[in-house]
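# Remarks on the overall topology
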Amino acid sequence: MLPADLKKNLQTKIATVSHPRELVVDVLFDIQMHYGHLTDEAIHEAAELCGMAPVEVEELATFYTFTFREPVGKYVIHVCDSVVCWMNGYQTIREYLCSKLNINMGETTPDGLFTLIPVCCIGYCDRSPAILVNRKVHGSLTPAKLDQLIEKIKMENPAHVE
Amino acid sequence: MPTLTIDSRQISVPGNTKVIDAAERLGIMIPRFCYHPALGAVGACRVCAVNVKEGPMTGIQMSCMLDAGDGMVISTHDKDAVDFRMAVIEWLMMNHPHDCPVCDEGGHCLLQDMTVSGGHGMRRYPGPKRTHQDQYLGPLVQHEMNRCIQCYRCVRYYREYTGYKDLGVLGIGSRVYFGRTGDGRLESPFAGNLIDICPTGVFTDKPARFKGRKWDFERAATVCTHCSLGCSTITSSRYREIIRQEAGISPDTNDCFICDRGRYGFGYANLPDRPRQYRVNGNPCSRQTAWAKALDLLDTTANTNNPSTVALLVSARCTLETLVTAKHLCHRKGWHGPVWDAPSGNDIKSRNALDALAPELVATMKDVRESDFILAIGTDPVNEAPVLTLALRQAQRNGAHITVIDPRPVSLPFDFEHLPTSPEEMGDQLAAIVCAALGGTDLSHLSPAGKAFYDDLVLRNAAATVPDEIVVALKKSRHPVIVCGTHMVNEDLPVLAGECARMINQPERSAGLFYVLPGANGFGAAMFTETHTNAGLLLDKIKSNDIKTLIAIEPEGCAHVHSSPAMAGILKSLDCLLVMDYLESPLSRAADVFIPTATVFESGGIFINQNGTGRSMQPLYMGGTPIFQTGRTGPPPRLFESDIPGAEHVPAWLPLADWMGLSLSPDNSKRRLEILKYTIENEPWLSALPISGDTGETGIKLRIPNRRLNEFASLPHTRNNAGNSNSPEISLYTVEQTFGTELLSSGSPALDEVIPQIRAAMHPADAEFLNLADGENLTLVLDENHELPCNVKIETDMAQGFIFIPRRPDLPWPVPGFAPIPLHPDQIRREKGDLR
Amino acid sequence: MSNKYPQILFQNRKPDRIATMAEYKESGGYQALADALSNRSPAQVQEEILDAVLLGRGGAAFPAGRKLETVAEDAPHPRYVVCNADEMEPGTFKDRVLIHADPHMLIEGMILTGYAVNADKGIVFIRPEYEGAAKILEREIRFAEKEGLLGENILGSGYTFFIDVHRSGGRYICGEVTAQLNALEGRRPNPRKPPPYPTQKGLWGQPTISHNVETLCCFPHILRNGARWFRDLALTETGAGTKIFSISGKVNRPGCYELPMGVRLSEIIEVHAGGMVEGSTFKACLPGGASTGFLTPDFYDIEMDFDTLRKKGHRLGTGAIMVFDQKTCLTAATVNLLEFFARESCGWCTPCREGLPYIKHLLTLIENGQGSEDMIPTIKKMSAQLWNSYCAFAPGAVAPVESLLVYFEGEVREHIKLGRCLLGD
């Protein structure tokens, strides 16, 4: 169940707009932040908040790139695989990440810390190859930079257990 | 009227006609998947491509999206167009499982047809196929997503056309998925139409799975007999079993869709315990024996008693032929009746309705769909006449204002105004709306009776207040329709509704009147049964020994509440009980002589729907015990016989005609025409019906010679002002439900799972007064012999002072005809062990 | 940076931070708004924009002034201005840079557009990857409101206009104008087929003007300096204004450059982007994002404006130049582009939903050396057929495929002959 304050925040936000459903993506993002991903319960809660039928919310939650209907790690790494990153070393980056985290694309590390997902062009072609970590960009990547990034996150989450 | 050329042939079409429809008028069927006349065009599938040779935009265009324009030259068989359509089919077949051999759609599959006719005979695409997992969608509709070609018809039908919201399109790109948020029964009682509109086998008829191909079936156009709307259906049978029903197309009634009650309600015809044999005193016997015994009993009665001690009971499920024959038999013999076995008072209300139904005012379902203002009073569409809901929905989609005045917790799949009102006050509200809307209108053209009626409206108006927006909407409307029920209303309400429709019918506003009647042939029953009696009075007469012989022909209410001790007692007073039916009931089991009758699928027959449209059905099959029930399906050697087991049934009119001395041909099809001729010739207002029995696809509009448009009835001002709100009593009403209350469909095994448990709907204030919580079990003590266990359902959107329970045929009801029962709080008992 | 050309949209661009509102004002910012509100009628604003020949910078190059004119004077309220910041065309990142450089330019541009059509509300539809830009805009919108430049009764003129930021859930199709309206309404972002056009019945059925970020950013400058000035910025007769080129790929200095419309491709690569990276030679480029066709060395000196490219059968698109070198297999690059489009197809119409994966599969087989000769005519024919899909997505998606098979058919056939990719790993 959603914490009362989050629910109230969302309700307050929704009350300011003329069509509650226009905020559905924002609501999904906020609820996703709470649960980690969009659970079945989350879909129903978002639907109720936005005055929509659950399946209408499901239609969106399964459509968009950044709404997750399945459990993901605490850190979702989106690896850009579009053409500029592709020609500037996406493959190296992807293989390095997969071997370092010991998972395939689309998978989550057993400790629940990382999920690897390929993503379409994220608009950082001037800093390719680039990835997003929880929607924050990291560009001009090299294996060394990735090491730093991953280690930093691991340090910040010493005893992370799913 | 633009004139265009399609494949070198010219045609003129009305403005706003799409090229795909213009071509169809020429007999050129352009392929289509996403396009459907009831759903409109969206241009998603791209298979209706044509080449526009001349026109504002030349080249490949989608004919469903293109308005036919003057001077356009269009080719459907130009190479580019053919190639493109072939490409579309190839794309659609990339992921299709090619599982036609095990697919129920096979043989009547649009995708199959288009694949073959489009010339895509060879799979070129070397890639793998994407697959999906299917969902459980309930007992009626089978899901098989791998077959999907993403035409979006299902979601558009389900969400846009019907307004239900539990089916959607999930995912993106080539992985789009049509389903629910999770496994579960589709909530719409119109979900079965998904089977019809899906152009391939994603949604198939679950109870009919693997039971045959289209060409295995005996198929016939039929009329649905599960409510008074008379929707078109197509019925398929095989091995002496009805297998499935599809929606027929009838623009004046159901358009292209039916409800699931109609689609799956046929099961009663196949039941293993359907009475298929003649019986005397409960013992099976030959037709000759039973026939002789019946004659003997009737002769004895006539000799020893007055003929008026013989009563004949019929119902709205009888065919027109049976009703007319029964009427003339009673008249000729001097018997009592025929008596209409309808729920209490519904007979007189129906007669009142027909009396007010001026031919000029008659509204069809098409009129309802095209209306801009609908006032439904005393009716609960989803439960009483389900497909009416879809007509209302179409009006609402086009911007119509819809109001329902009814005490029940009426729920519709779209926005509407509900005024939960007691039956006593509904008339006042109707009057207030009409009166307010007419304010300032010149009424000088009215006859004295009309003026008197208006004065009466003004009087009633003072007693009610109604929301302004309803009045404003009615004032603005050009095609208002008043829909009026015949169950949850006072006797005078149908008359009032009819007079109000007359009243608002002005030069600039053509009003319509639409009654919901009880039963498939409620219209016929109202016309051909005896007006001064009813089922309740008949039972009184039996109790008082004025009636000693009862002939019950396909009865409805009476037959099926005989499990109640009260009714069993009444039966004992009879000397002789003769029952003719295709259903087993407490009444049929108690019969001295039982004659098995044919269902409409076996006998055919005419039904008149609620607006007076007569539709005839041809017999679909001979009937007889389904082969799988005979035990004769085993391996050879088999016993071959010339007879059909269990096929002794006769149309209900046959014994009646025999007793009347009509000489009919022994040949089935000949005597069917003979009885039809007799029916038409003996009732002048039926003369519009063809002697051939072919009423065509749309039926024959029958108009009863009743009061004309400008003749107002002088209204009996029967408003009961004595309603005492301080009285602690609560009225217990039985009401119809989509599933489980209509007699025929409630016996259909396919629907068993969708029949809800018996719940007692009550207003929160009443629940509070009685100290009851939602979901709580309770027992209603109807009288010392009758108790009814049920479950509390608190409904905020209903009138106070009522309990509504579904009118299940098996309820042990103590009062004839399901008349409402006033309950004192003492009679509402909480179940023991309640911790609250 | 050796840019000799006037910097208009980038006048306040700084290497390390966002320009403040004060800096924007100092550079002449919000003067156009103050002037328009007190001295010009909406019709006059429309006329100036029309006269400036400002073509939509989001890729379709529709004249911005003509779009404004299609909102009828008596059209109902509320009316909306949608800023399309859903920049998802691969290779394109100019809008992100613009918002990070000088957010008030966009805000002023939106208000001016709003004023031109008497709109009530502006909405910035922004892709979720640009969360940083979204936050910047939200903050700067509040600053503008505080100063009376936005909100109720702007600068005492009586004109009221609000701006909201709306985050997308993230899908390329959301950049399509009509799909974006569905997305804004919380519906599945399938495109809508006009008529009615969005300027008649758009968001919530109300008149709606949609413009790209860069287009909107041009508004204040045109109104402040005049249409004539704007047109004269271009190097070519047919062009008008400057263009933000986002250049990436095998060049030394990938990034955004504001250059006059009509600047030569060779100059962009050699002068501004610092030339090809060491060891690379120019093989081809996509001139305006993933949905444009390859430009070969034959076009190396072409003048980069909408009209010149169109005459040569090409499109300037978003002006996102992706440069490929001789070591890059263009068949593989096209497979990558098709993967993008197939993944992002919304699934509404058949050709796009099924045709793109089909072509992608065939081209992948070819790239992997498993192709056959008959696949080439199939791909060509199918690509042409994809032009008959519901919206402009699929025609854009096949642009690289079609040009690959025009200019590099030999290279593609090599794969089939040799049974492998010559450049691949």
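Predicted model, so just to flag it, every value in this text is computed and none were measured.

## Thoughts on the pattern of salt bridges
This model, assessed by the stated rule, comprises 72 salt bridges over all chains. A salt bridge links C:Arg96 to A:Asp126; the shortest N-O distance between them is 2.9 Å. Residue C:Arg96 is located in helix α5 (residues 94-101), and its partner A:Asp126 is located in the loop between β2 (114-119) and β3 (131-133); the two belong to separate chains. Here C:Lys94 ties to C:Glu214 by a salt bridge, and the two come within 3.1 Å at their closest N and O atoms. You can see C:Lys94 sitting in helix α5 and its partner C:Glu214 sitting in helix α9 (residues 213-225), a full 120 residues away along the chain. Each member of the pair, C:Lys94 as well as C:Glu214, carries the same accessibility label: buried.

## Quick notes on the packing of helix α14 (residues 350-367) of chain C against helix α15 (residues 375-385) of chain C
Residues and elements named next belong to chain C. One way to put it is that α14 packs onto α15 with a least axis distance of 10 Å and a crossing angle of 155 degrees. The orientation of α14 with respect to α15, classified from their angle, is roughly antiparallel. Of the two elements, α14 crosses α15, and the hand of that crossing is left-handed. Taking contact as the criterion, the partners of Tyr358, Ile359, Leu362, Leu363, Leu365 and Ile366 in α14 are, on α15, Met375, Ile376, Thr378, Ile379, Met382 and Ser383. The residue makeup of the contact of α14 with α15, split by class, is 10 nonpolar, 2 polar and no charged.

## A short note on the pairing of strand β21 (residues 512-515) of chain B
Residues B:Gly512 and B:Phe514 of β21(B) are buried on one face, and the alternating residues B:Leu513 and B:Tyr515, pointing to the opposite face, are buried as well. A crossover links strand β20 (residues 480-484) of chain B with its parallel partner β21(B), the connecting element being helix α16 (residues 493-504) of chain B, and its sense is right-handed.

## Considerations on the interface of chain C and chain B
Residue-level contacts link 28 residues of chain C with 33 residues of chain B. For the chain C and chain B pair, buried surface summed over both sides reaches about 2500 Å², with 59% attributable to carbon and sulfur atoms. Area buried by chain C at its contact with chain B is led by C:Trp348, C:Glu354 and C:Tyr358, which between them contribute 26% of it. Taken together, the connections running from chain C to chain B amount to 1 salt bridge. Put simply, B:Asp83 and C:Lys381 hold a salt bridge, and the shortest N to O gap is 2.8 Å. Our enumeration of links across chain C and chain B arrives at 16 residue pairs in polar contact (both at pLDDT 80 or more). Of all the secondary structure elements, the ones that give two or more residues to the side of chain C that touches chain B are α13 (330-344), α14 and α15 of chain C. Take the side of chain C that touches chain B: its biggest share by element is 10 residues, from α14(C). A per-class count over the side of chain C that touches chain B returns 11 nonpolar, 9 polar and 8 charged.

## Things to note about the sheet that holds strand β7 (residues 282-286) of chain C
All names here are of chain C. The strand order across the open sheet built from 4 strands is β6-β5-β8-β7, with neighbouring strands paired in mixed fashion. Looking at strand neighbours, the two that pair on one side only are β6 (255-260) and β7, the edges of this open sheet. When the angles between neighbouring strand axes are averaged without regard to direction, this sheet yields 30 degrees. In this structure, strand β5 (residues 242-249) lies alongside strand β8 (residues 320-325), joined through 4 bridges in parallel fashion. Within β8, the position partnered with Ile247 by the bridge is Ile321.

## So, the interface of chain A and chain C
The interface is formed by 33 residues belonging to chain A together with 47 residues belonging to chain C. When chain A packs against chain C, close to 3400 Å² is buried across both sides, 56% of that on carbon and sulfur atoms. For the interface between chain A and chain C, the tally reads 3 salt bridges. A salt bridge links C:Glu131 to A:Arg135, with the nearest nitrogen and oxygen atoms 3.0 Å apart. Viewed at the interface, chain C and chain A are joined by 18 residue pairs in polar contact (both at pLDDT 80 or more). When contributions to the side of chain A that touches chain C are tallied by element, the ones reaching two or more residues are α2 (24-35), α4 (54-61), α5 (83-87) and β2 of chain A. For the side of chain A that touches chain C, a count of residues per class yields 20 nonpolar, 5 polar and 8 charged.

## A look at a nonpolar patch on the surface
Together, C:Leu418, C:Leu422 and C:Leu423 make up an exposed nonpolar region whose accessible area comes to about 260 Å². Its relative accessible area of 43% is what places C:Leu418 among the partly exposed residues.

## Structural notes on the domain arrangement of chain C
All names here are of chain C. The domain architecture assigned to chain C consists of domain 1 (21-232), domain 2 (242-325) and domain 3 (330-418). Relative placement of domain 1 and domain 3: their C-alpha centres are 35 Å apart. Listed as interface residues are 12 residues of domain 1 and, on the opposing side, 9 residues of domain 3. The salt bridge involving Arg171 is made with Glu344; its shortest N-O contact spans 2.8 Å. If you look at where domain 1 meets domain 3, you find 3 residue pairs in polar contact (both at pLDDT 80 or more).

## Observations regarding helix α4 (residues 153-161) of chain B
The buried fraction of α4(B) amounts to 8 of the 9 residues, a majority that puts the element mostly inside the structure. Within α4(B), the full set of buried residues consists of B:Arg153, B:Cys154, B:Val155, B:Arg156, B:Tyr157, B:Tyr158, B:Arg159 and B:Tyr161.

## Considerations on the side chain of B:Glu683
Residue position: B:Glu683 is located in the loop between α25 (668-682) and β27 (700-701). B:Glu683 has contacts with B:Val324, B:Lys327, B:His328 and B:Phe528, leaving out every residue within four places of it along the chain.

## Considerations on the sheet that holds strand β29 (residues 759-762) of chain B
Residue and element names in this part refer to chain B. Here 7 strands make up an open sheet; going across it, the order is β33-β28-β32-β29-β31-β30-β34 and the pairing mixed. Looking at strand neighbours, the two that pair on one side only are β33 (821-823) and β34 (828-830), the edges of this open sheet. Looking at each pair of strands side by side, their axes are set apart by 35 degrees on average, direction ignored. Bridging between β29 and strand β32 (residues 802-806) involves 2 bridges; their strand directions are antiparallel. Its bridge partner lying in β32, Ala761 is registered against Phe804.

Thresholds applied
- Each chain has its residues counted from 1, following the order in which its sequence is written.
- Labels follow written order: the first chain is A, the first ligand is 1, and so on.
- Totals for whole chains, interfaces and linings use every residue, but because this is a predicted model, local features are given only for residues with pLDDT of at least 70 and side-chain atom pairs only at 80 or more, for both listing and counting.
- The basis for every side-chain value is the complete set of non-hydrogen atoms in the structure, without hydrogens or water.
- By definition, a salt bridge exists where a carboxyl oxygen of Asp or Glu is found within 4 Å of a side-chain nitrogen of Lys or Arg.
- Numbered from the N terminus, helices here are DSSP runs of H or I no shorter than four residues, and strands are runs of E no shorter than two.
- A simple rule labels every residue: compare its accessible area, found with a 1.4 Å probe on the protein chains alone, to the largest value its type can have, and call it buried under 20%, exposed over 50%, or partly exposed in between.
- To get an axis, fit a line to the C-alpha atoms, keeping to the stretch in contact for a helix; angles then go from 0 to 180 degrees between the N-to-C directions.
- Oblique is the label for any angle not under 35 degrees, not over 145, and not in the 65 to 115 range, which are roughly parallel, roughly antiparallel and roughly perpendicular in turn.
- For any pair of crossing helices, the crossing counts as left-handed if the nearer helix is rotated counterclockwise from the farther one by less than a right angle, and right-handed if it is rotated clockwise.
- The contact criterion used throughout is that any non-hydrogen atoms of two residues lie within 4.5 Å.
- Any residue outside Ala, Val, Leu, Ile, Met, Phe, Trp, Tyr, Cys, Pro, Asp, Glu, Lys and Arg is labelled polar, Gly included; the first ten of those are nonpolar and the last four are charged.
- Here is how to tell: hold the view so the strands point away, follow the path from the first strand over the helix to the second, and if it runs clockwise the crossover is right-handed.
- Buried area, as used here, totals the accessible surface that two parts lose on assembly, with accessibility defined by a 1.4 Å probe and the loss added over both.
- Pairs of N or O atoms are called polar contacts if they sit within 3.5 Å, as long as, within protein, a hydrogen donor faces a hydrogen acceptor (for residues adjacent in sequence, only side-chain-to-side-chain pairs).
- Pairing between strands requires that DSSP locate at least two bridges from one strand to the other.
- To count toward a patch, a residue needs a relative accessible area over 30% and no salt bridge; like charges are then connected within 9 Å, while nonpolar side chains (Val, Leu, Ile, Met, Phe, Trp, Tyr) are connected within 5 Å.
- For every accessible area listed, the method is Shrake-Rupley and the probe measures 1.4 Å; residues are considered covered only by the protein chains on display.
- Note that domain bounds follow an automatic or database assignment of domains.

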